[in-house]
Amino acid sequence: MHEQTTGALRRDAVGLREVLFQSVTAMAPAAAVAASIPAGAAFAGGSLPLAVLIALVACLFTASCVAELARELPTAGSVATYAARGLHPAVGFLVGWGYVFVEMLIPPLLLLQLGFTAAGTLHEQWSSYPADLWWPWSLAGAGVIAVAGSSGIRASARFGTVLGVFEIVVFLVFAVLLIGKAGSANTLSVFGTSHTADGYAGISGVFAGSVYTVLAFAGFEAAAPLAEETRDPRRTMRRAVLGAALGIGLFYVITTYAMTVYFGPDRFAKFGTSGEASWDGVARASFGLLWVLVFLAVVNSTIANANACANVSTRTAFALARIRVLPRLLATLHPRHRSPVAGIALQSVLAVGVTLGLGLGYDPVTAFLLLATVIVTVVVGVYIVVNVACAGYFLRAGRSAVKPLRHLLFPVLGTAAFVPALLTAAGLPVFDFVTELTAPVSYAGPIVGAWMAAGVVVLMLLMRRHPERIAETARVHLDADDPADHRQDGTVPS
């Protein structure tokens, strides 16, 4: 057991294709197109493609910051190490504490969506199927994710690649069909401000829509925790993070444009996630059995997303456990696959427990909204900290290492883009388009606050008794294993 817990993850197990789709599937493109991005239609209306395009540009600023840090600091600790090196090890610990927490909640979030999506669709198709019989589908999904994770990162990443390709191809084919059927209704006016929803005229409607759309980009950084298992990580991580953000962003623009011109820009404010005015509804009404592929792509997306985020949570937990700021057991590795088996087991148990506990205690949709609010609030907060850490890291490295555009301007613009998204996710009515949260979804704030307060207590205890462990959050283990690499002091080669 000692040899397993002190060992390294499996080196050179995956390449660019696998880690690219690790980020792609963590963004859940099919689920985002069908169930997340339409939330912006209530504000941007038929100008939603412009809102998506603006959100893409805004997210690329933060993606660039993550990519720059991932190139310089290839580590399973990812965002925790970035914050530790760019700001302070104590900040790195708190970022890791929050990030592991919410990444472990993402699989149950997706299992809930899998359950109510499958049950609702089957009930709609065959009324004899109980609409509330959702949990068997969630348990089946949990089993698939557990098997994929326990088979090692190579099998898990390749599984995610296959799922990611399927959902993207299905929605791109559907988009092409929509554009073709729209015919003369195709128009670039949807990239202007003339089709916004009533009450949100002009750029204000587009801005509101883009804030909700920004949340669909969460997950682009998910490749970073696989750095220690990736071939040529300094080069590969940067390409994967930026490639996923840009590629899926353009996918969002194309698919949103297609549905907008087909459905009608001036009617698009009423477009949503269910019923006739939805992706599923349009597919059923106009494209026959194509709706089955759309349904399967969304189901596929939930499983792929859960699989990717399980990889993120277990690798980040491993990184913090090996320096003993989390229980050492979470650093236990499988003797052959070199995957964090204890973390995978904990993730599986937590996924099932949270899914059934909240889903049966409330209902799966309410449980989904509660978890989504907790997750997005913390993840967006982490993005803001990473933006600041990017500037801090390169400024500390010396003037010659600083590139003003990438290391100073982009962090500022990325932070500015995600602050409104953070306020929206938390339900703080700073803007008139933000909906104030009601119970039990409003419990998300206290849950996040309690968890982070517990993290502060743990941090204070560790700083008093084992300050060297907190300092270790800044360590890049790949660098430590390479005597020719001298980046442990935080400098950046020119």
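Residues numbered from 1 in each chain as written. Predicted model: local features only at pLDDT ≥ 70, side-chain atom pairs only at ≥ 80, totals over all residues. Heavy atoms only, no water.

1. Thoughts on the overall build of the chain
Each helix and strand in the chain was counted, giving 19 helices and zero strands. Here the C-alpha atoms of the chain give a radius of gyration of 22 Å, agreeing with the 23 Å that 2.2 N^0.38 yields for 494 residues. Put simply, the chain has 494 residues, and 59% of those count as buried. Once local pairs closer than 6 in sequence are excluded, the contacts in the chain between residues at least 24 apart make up 81%. Accessible surface, the chain: about 18800 Å² in total, of which carbon and sulfur atoms supply 66%. Taken as two groups, the 31 positive and 27 negative side-chain charges of the chain have centres that lie 8 Å from each other. (Helix = DSSP H or I, 4+ residues; strand = E, 2+ residues; numbered from the N terminus. Rg over C-alpha atoms; globule rule 2.2 N^0.38 Å. Buried < 20%, exposed > 50% of the residue type's maximum accessible area, 1.4 Å probe, protein only. Contact = heavy atoms within 4.5 Å. Areas by Shrake-Rupley, 256 points an atom, 1.4 Å probe, with all protein chains shown as cover. Lys, Arg positive; Asp, Glu negative; His and termini not counted. Charge placed at Lys NZ, Arg CZ, Asp CG, Glu CD.)

2. Re helix α8 (residues 135-150)
Between its first and last C-alpha, α8 extends 23 Å over 16 residues, near the 22 Å set by a 1.5 Å rise per residue. G152 sits one or two residues past α8 and shows a positive phi near 100°. (Expected span 1.5 Å × (residues − 1).)

3. Some words on the nonpolar core
By size, the foremost hydrophobic cluster in this structure holds 129 residues, and its most contacted members are Y82, F171, F174, F220, Y252, W279 and F418. Looking at this core, the element that brings in the most residues is helix α15 (residues 364-397), giving 17 residues. Ignoring any residue separated from it by four or fewer positions in sequence, one finds F418 in contact with C59, T62, V214, F220, V380, Y383 and I384. Counting 22 residues, the second largest nonpolar core, distinct from the first, contains W97, A317, F318 and A331. (Core = buried A, V, L, I, M, F, W, Y, C linked by side-chain atoms within 4.5 Å.)

4. Observations regarding the UniProt feature "domain: Amino acid permease/ SLC12A" (unreviewed entry) in the chain
The residues that UniProt annotates with the feature "domain: Amino acid permease/ SLC12A" (unreviewed entry) are residues 19-391. Measuring from the first to the last C-alpha atom of residues 19-391 gives 25 Å, for a span that is 72% helix and 0% strand. (UniProt positions renumbered as here; feature names shortened; annotations may be inferred.)

5. Digging into helix α14 (residues 341-361)
An ideal rise of 1.5 Å per residue puts 30 Å on 21 residues; α14 measures up with 29 Å between its terminal C-alpha atoms. On its buried face, α14 sits against α7 (89-125), α8, α13 (290-322) and α15.

6. Brief notes about the packing of aromatic side chains
What the rule picks out here adds up to 22 aromatic pairs. Centre to centre, the rings of F43 and Y212 are 5.0 Å apart; their planes meet at 15°, and the pair counts as stacked. Of this pair, F43 sits in helix α4 (residues 41-44) while Y212 sits in helix α10 (residues 203-214); the two residues are 169 residues apart in sequence, bridging distant segments of the chain. Y212 gets classed as buried once you look at its relative accessible area, which sits at 16%. Between the aromatic rings of Y393 and F394, the centroid separation amounts to 5.0 Å while the plane-to-plane angle is 90°, which identifies the pairing as edge-to-face. (Phe/Tyr/Trp six-rings, centres within 6.5 Å; stacked < 30°, edge-to-face > 60°.)

7. Thoughts on a nonpolar patch on the surface
Together, V165, V169, V173 and L177 make up a nonpolar patch on the protein surface, roughly 290 Å² of accessible area in all. For L177, the location among the structural elements is in helix α9 (residues 153-182). (Patch = residues over 30% accessible without salt bridge, like charges linked within 9 Å, V, L, I, M, F, W, Y side chains within 5 Å. Salt bridge = Lys/Arg side-chain N within 4 Å of Asp/Glu carboxyl O.)

8. Looking at the state of the cysteines
What the rule picks out here adds up to zero disulfides. Here C309 stays free of any disulfide, with the sulfur of C59 as its closest cysteine sulfur at 16 Å. For C309, a relative accessible area of 4% gives the class buried. Of all cysteine sulfurs, the one in C65 lies closest to C390, which takes part in no disulfide; the gap is 4.0 Å. Taking relative accessible area as the criterion, C390 reaches 0% and is therefore assigned buried. (Disulfide = S-S within 2.5 Å.)

9. Notes on the pattern of salt bridges
In this structure the tally under the stated criterion is eleven salt bridges. Among the ionic pairs, E229 bridges to R315, the shortest N-O distance being 3.1 Å. Of this pair, E229 sits in the loop between α10 and α11 (233-263) while R315 sits in helix α13, and the two are 86 residues apart along the sequence. We note that E229, like R315, is buried. Counted as one network, the salt bridges with shared partners bring together E68, R71, E72, R238 and R406.

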